[in-house]
Each structure stands twice: as structure tokens, then as C-alpha cells.
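Observations on chain architecture
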Amino acid sequence: MTRPSDHRGRTAAGIALTLIVLVCAGAAAAAEDAVYRVPDQALVDIIDTPKTPQLSIGPTREWGILISRPGYPSIAELSEPELKLAGLRIKPDSFSPSRVWPNNRLEFVRISDLESRPVTGLPETPRITNVRWSPDGARVAFTNATAQGVELWVAEVKTGEARPLTGPVVSLTAGEAPAWVDDGESLVCCMVSTEQRGGPALEAPRVPEGPIVQENIGTKTPTRTYQDMLKSPHDEALFDRYLTSQLALVELDGTVTVVGDPAITWDFDPSPDGRYILVQSLHRPYSYTVPAYRFPLLIEVWDLGGEVVHTVADHPLREQIPITRGSVQTGPRTVMWRADAPATLCWAEALDGGDAGAEAAERDRLFLLPAPFDGEPTEWMTFELRYDGVYWGHDGLAIAGEWWWDDRRIRAWKLQPGAPDVEPELLMDYSWQDRYNDPGEPVMVRNEYGRSVLLTADDANTIFLIGDGASPEGDRPFLDTFDTYHGETARLFRSEAPYYERPVLVMNKEARHVITRRESVDEIPNYFARDLADGTLRQLTFSPHPTPPLAPAHARQAQYQPPGKPRCRANTGHSPWPRPNGEPAGWSPTGLPKPGSQPEFTWAEWSCAIRKR
């Protein structure tokens, strides 16, 4: 005879067993269903539609290249292995950055008559990045990522034919894209060594050799928090493996000449005259608290044979830069070539110890040093605020900027690089938060070295400015001239409703013809050649609507205020069946869809004010 307690126990065990069987069966069914599924084809077409191409105009303004990008990346691409090292995201299989959205089609377009030359000879599924015009505009170079690595390619404007210059040996882990030498017959790039690619796998030790020790002795060093920092000696070994590269010179016939020794090349830049290379490389000791760009940095000038001609600086580990906004490292920083001279270095140095929180009458000083770099650098300009870069023009014109975080101030100064002793002239002084009075950014043009310099007119005293044109009506992009001698501005163009039209390129110093990118509620972005003298437009690109099912979509602002509650606003939209008179069906005068309407797509983004009590 079974006791009640035994019966209850067996009953409970039976129920538990039944539940386990049911759960397992449910889990198995869920596992069968836990796969990526493809939605209706209409949604697939919307998601997979190619993006609107970008137009890049060549240095001679004769030809442009349309750069097309596919739809969203595939799950397979998003699932590729990724290393997170010192603030970098790296694809270890190809020695390139991860989370890059590559292009898949190139097409040359002649601006005068729209003759089109698709770039041929590409792989079936190219993954194109780093498209760069040669200084003479005769060809473009680009990189193509494959499963084995990254290749360097070149395409000829004359024929449209593309060909690889290297195998899958280009290193892009630090983002150092190939750069043209001034002759247009060769490029400088970083390559992956055979030892790196064929070396043994670096497996993380299961048992650490010792503890991770970090010291802060005798100094208070507040620091920001960064993600993806190095965490162990194994991470350091991975950083060495994937960041080390070999600088090389690649000729158009595919000849490769090694330049210097392998190093962790952080940046490189051939001089405008092609005689030198400015090389910046990282070295140990590494840090577990700051990103790679604050590791010890050696800045040198090499000749094309890899010999060190001049050492600009060797910065130690930069962990102790103050966290006050506007603080910088001490010593030479933002080292660059003067774009309008054969080979002249320019850099800034902090005068306040790099601490933006310290009281100081002068913050930064700018220096110049021409080749052969054996003299003393020239003190060019001293800034009361933090230095923000230079727009180069010619011997008589450069524009240097300075800024300060606390009052959001920006000032622009007119300088004369050919006469460093001439006193700077203040051109602009404004707040970057005052969008209504933002003067815009200078228009640049390629010079004989293939470098970007200021486009000037009127005896090289007038520059051109392109801005967003913020106003109570919304953004109305504009093109202005600015007389740097008298400080006077004149408007050449302003976008007007119903179009949003932004100038992207001024064709010459006469500024009669400009290239603009124009769109509206009903028209997707395309490029146009606009004649400012007579107002005529000539369409250059004819990209179709990327999502035809959404072409009739309309967006409006809606408002709703419940009794006794704050008012809410929303950007709402839907793609309804259109009425014969063109008015979208289903809209009420308040801007909300009518009850019972059947839009194809509907969306709303609500925002409500929070009432203080």
C-alpha cells in the first residue's frame, strides 16, 4: 500500500518529468525556428536598395567619379571576427578596420557632356574603399578588400580599365590609406609582412603569468574612461602583430620598393614635392587606460630610401593630459606639410603646459621649418586660444583658426606664410553655437602638388565660403565670397524652397559655375551644374528613387495635448494611396491620419515636454 507522501512524491516527479519533456520539445521547436528569415520581398527591396552615389570631381575639373555603395551589410559580414585593441576595431583576417561600409561600383563621368565610363576589370563583388585621385587627374587609386586581405588597385580615366597593383598585402589597421606621390606615378602604402600573416596563432594563455599591475605614485592623474583598451600582455602581443607594417613605394607597373624598417606606422604623408615622407609611428610602453593615439609617438622625416632626415619629436606615453576640455599634449603636435610649398613642416606647441584649466595669456604657438630641416624653426604665430588648424593658400595667404570650449568661441586669422614676420589680421570672431551667423567653410582646390589649398580670386585676396545657412525657415545652404583685405562678404547663391540645394564645388575662380547637390521632399539627391549668371541648371547624375514603394510618402508635424498634460509633438508620416488631386489620403487638418485610413507605411517620432513641479 502506497503512503500518501510517496504518492504525492511520485505524482510530483511525473509532473516534473512531463514538464521537462514539454520544455525540451518546446526548446527543440524554438531552436528550429531560431533562424534568420527573409521578410516579404517588398521589404527586402527597400532594405537592400543601393545608396545614392557620391560624386567626386577630379583635380582638373574635367572628370568626376561616381562612387556607389550597396545596401546594408549582410549578416555574414557583420559576423566576421573582430579584435578590439586600444580603441581600435580590427578585422584580423584582412588587417583592416572593421565596421567599414565599402563601395561596390565606380563610374567616370565627364562634366562637360556627361560621357560615362564604367570602371571595368573589377572583381565580381568588390569591396572598395579609399578612392583617391592622382595629382594630375589621370587616374584614381583605391583599395579592395578580399577574404585574403586588402589589395591596392588603380583605374585609368582614359579607358575606364582597373587593375590591381598588389596582392592582398596592404595593411589598413591604423586607417593609413595609400597616398599618391606628387609625380602621379607611384603611391606610398603600408604592407603586411610575411611573418605577420604566416606567423603562429597568438592564443591567450589559460593561466596568466602574473597580476596586472598599474601604478599612480605621487601624482593625481584623473582620466576619462575609454572602451576597448588593452588588458593584458596577450593584448599587447596582438597589438604588435596587427599594427606592425612595412612602409613601401608602389609603382604603376606593380614594382614594390620597401622603405625603412617595419614599425607600428600610425600615419604617413609624402611631402608635396615627393622627396620626403613624414612618418609617425607608435612604440612601447603601451597603456591599459588610454587609446592607441596616446601611446608613445615618434615623428620623423624620411627620404624615399627610408633614411631618417630629421626627427621632429619623440613623445612619451600621454596618460597625464588634463581632462579639462581643450587640454592637449606638450611638445610638437598636429605636425603637417605646408600644402602650398615643396617641403615645409608646420606644427603647434602648447605654451600653457597643455592644461586648458590653467590661467594663461597665451595658449599655443605655430612653427615653420623648411627642408633640409637643419635650421631653427621659425616662430610664426602665437594664439590666445587653442590652435585649430590651417587652411593653406599661397605665400601671401593662409587662414589659421583658434577655439575655446568655455565660451564656444572661434577666431580665424589671416597669415602670410611667405613672410612670417607680418602681423596676423583677425578675419572672423564668432560662437560655433550661433548657427544663424556661421560664416561657413572655405572652398578648396587642388594645386600643382595635388594638395588642397584655398580657391582665391581678385588677386588672391578673395576666398569662397560654403555654409549650412541656418535660419528660421530651416537650413538654406549658401555660397559667399569673402574679401580678406576689406573683410566684406557678398552672397553668390542661397538655396530656396522647395529644394534643399548645397554647393559642393566651385569650378573656377570666376565662380560662375558651381556643382550642387539638390533634393526635395519628392526628389532624391542628385548633382547639378548651376550657372550663377543666368540661373540655369544642368543635371549631372540621374540616380533613381532608392525605395519606389515609399516615393509618395508624406511627412508632417502633429501636435497633441491631453487635458492637463504637456503638449506633445511628433514628426509623422505615411505612404498612402494618393487622391486624384494629389492630396495624400487619410490626413486630417490636424496633421494626424484620419480614423479608418489605410496607409501602406506609417511612422511617428513623438517628443513631449516634461513639466517641472
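The preceding data block contains the structure.
Rules used throughout
All residue numbers refer to positions counted from 1 along the written sequence of the respective chain. Per-residue local features are limited, in this predicted model, to residues with pLDDT of at least 70; the limit for side-chain atom pairs, both in listing and counting, is 80 or more; totals at the level of whole chains, interfaces and linings are taken over all residues. To obtain the side-chain values, all non-hydrogen atoms of the structure were used and water was disregarded. By the criteria applied, helices consist of DSSP H or I runs no shorter than four residues and strands consist of E runs no shorter than two, each listed in order from the N terminus. Buried, partly exposed and exposed residues are distinguished by accessible area as a fraction of the type maximum, computed with a 1.4 Å probe on protein chains only: under 20%, between the cut-offs, and over 50%, respectively. Should any heavy atoms of two residues lie within 4.5 Å, those residues are counted as being in contact. The working definition used for a salt bridge is a side-chain nitrogen of Lys or Arg within 4 Å of a carboxyl oxygen of Asp or Glu. Polar contacts, as used here, are pairs of N or O atoms within 3.5 Å; protein pairs need one atom able to donate a hydrogen and one able to accept it. Residues neighboring in sequence count only if both atoms are side-chain atoms. Pairs of strands are assigned from DSSP output, requiring at least two bridges between the strands. Working definition: a ring pair exists when centres of Phe, Tyr or Trp rings (six-membered ring for Trp) sit within 6.5 Å. Plane angles under 30 degrees give stacked, over 60 give edge-to-face, the rest tilted. Only buried residues count toward a nonpolar core, which is a set of Ala, Val, Leu, Ile, Met, Phe, Trp, Tyr and Cys residues joined through side-chain atoms within 4.5 Å. Buriedness of a pocket was judged along seven lines, with at least five required to meet protein on both sides within 12 Å; pockets are open sets of points on a 1 Å grid over the protein atoms alone, cavities are sets where a 1.4 Å probe fits but cannot get out, and lining residues have an atom within 4 Å of a point. Grid points are joined across faces, edges and corners, and a volume is the space filled by probe spheres set on the points.

The subject of this paragraph is the overall build of the protein. A count of helices and strands for the protein gives five helices and 41 strands. Taken over 613 residues, the protein has a buried fraction of 44%. A sequence separation of at least 24 residues applies to 48% of the contacts in the protein between residues at least 6 apart.

We now examine the pattern of salt bridges. Overall, the coordinates contain 34 salt bridges when judged by the stated rule. Close ionic contact of arginine 110 with aspartate 113 constitutes a salt bridge, the shortest N to O distance being 3.1 Å. The closest approach of N and O atoms between glutamate 115 and arginine 117, which form a salt bridge, is 2.9 Å.

With that settled, consider the side chain of aspartate 531. Tracing the chain through its elements places aspartate 531 in strand 37 (residues 526-531). There is a polar contact of 2.8 Å between the side chain of aspartate 531 and the side chain of arginine 512. One polar contact links aspartate 531 to histidine 513, side chain to side chain, over a distance of 3.4 Å. When near neighbours in sequence (up to four residues on either side) are disregarded, aspartate 531 contacts Arg512, His513 and Thr536.

To continue, consider the sheet that holds strand 12 (residues 179-180). Strand order in the open sheet formed by four strands is 12-13-14-15, and the pairing between neighbours is antiparallel. Both outer strands of the open sheet, strand 12 and strand 15 (256-258), are each paired with one neighbouring strand and no more. As defined by bridge partners, strand 14 (residues 246-251) adjoins strand 15 across three bridges and the pair is classed as antiparallel. Paired with valine 250 across the strands is valine 256, a residue of strand 15.

Right, let's get into unusual backbone geometry. Going from alanine 371 to proline 372, the amide bond is cis rather than trans, its omega being 10°. Relative to the helices and strands, proline 372 resides in the loop between strand 22 (364-370) and strand 23 (378-383). Along the chain, alanine 497 connects to proline 498 via a cis peptide bond; the corresponding omega equals 10°. With respect to the secondary-structure elements, proline 498 resides in the loop between strand 34 (488-494) and strand 35 (500-506).

Moving on: the packing of aromatic side chains. According to the stated counting rule, one finds 14 aromatic pairs in the structure shown. Note on phenylalanine 239 and tyrosine 286: the rings are 5.1 Å apart at their centroids and 70° apart in plane angle, and the pair reads as edge-to-face. Placement of phenylalanine 239 in helix 5 (residues 233-243) and of tyrosine 286 in the loop between strand 17 (276-282) and strand 18 (297-303) is noted, with a sequence separation of 47 residues between them. What makes phenylalanine 239 buried here is its relative accessible area of 0%.

Examined against the element boundaries, glutamate 319 turns out to sit in the loop between strand 19 (308-315) and strand 20 (333-337). Under the relative-accessibility criterion, glutamate 319 is labelled partly exposed at 28%. Between the alpha carbons of glutamate 319 and tyrosine 288 there is a distance of 9.7 Å; along the sequence they are 31 residues apart. Excluding residues within four positions of it along the chain, glutamate 319 makes contact with Thr221, Ser287, Thr289, Val290 and Arg294. Side-chain polar atoms of glutamate 319 contact the side chain of threonine 289, separated by 3.1 Å.

Before going further, it helps to spend a moment on the pairing of strand 4 (residues 88-91). Of the two faces of strand 4, both are covered, the one formed by Leu88 and Ile90 as well as the one formed by Arg89 and Lys91. Note that strand 3 (residues 83-85) and strand 4 share three bridges and pair antiparallel. Along strand 4, the bridge assignment pairs leucine 83 with isoleucine 90. From the end of strand 3 to the start of strand 4, which pair antiparallel, there are two residues, and alanine 86 there has a positive phi angle of about 55°. Where strand 4 folds back on strand 5 (residues 96-97), the antiparallel hairpin that results is connected by four residues, among which phenylalanine 95 adopts a positive phi of roughly 50°.

When a protein is soluble and globular, its nonpolar side chains tend to lie buried together. Counting residues in hydrophobic clusters, the biggest one holds 33 residues, and the most contacted among them are Leu230, Phe239, Phe295, Val301, Trp337 and Leu345. Every element with two or more residues in this core is listed here: strand 3, strand 4, helix 5, strand 17, strand 18, strand 20, strand 21 (344-350) and strand 22. Considering each element in turn, this core owes the most residues, four residues, to helix 5. Ranked by size, the runner-up nonpolar core spans 27 residues in total, among them Cys346, Phe383, Phe464 and Val506.

Taking burial as the measure, the eleven residues of helix 5 include eight buried ones, the bulk of the element. Here the buried face of helix 5 lies against strand 3, strand 4, helix 4 (194-198), strand 16 (264-270) and strand 17.

Turning our attention to the layout of surface pockets. If you add up the space inside the largest pocket, you get close to 700 Å³. Lining of the largest pocket is provided by 32 residues; of these, Ala179, Phe268, Asp269, Pro270 and Arg451 occupy positions nearest its centre. Looking at the lining of the largest pocket, the elements with two or more residues in it are strand 8 (128-133), strand 12, strand 16, strand 17 and strand 20. In this structure, the second largest pocket occupies an estimated 550 Å³ of space. Elements with a minimum of two residues in the lining of the second largest pocket: strand 16, strand 18, strand 20 and strand 24 (386-394). Counting residues per element, the lining of the second largest pocket draws most heavily on strand 20, which supplies three residues.

Function cannot be read off these values alone, since they describe shape.
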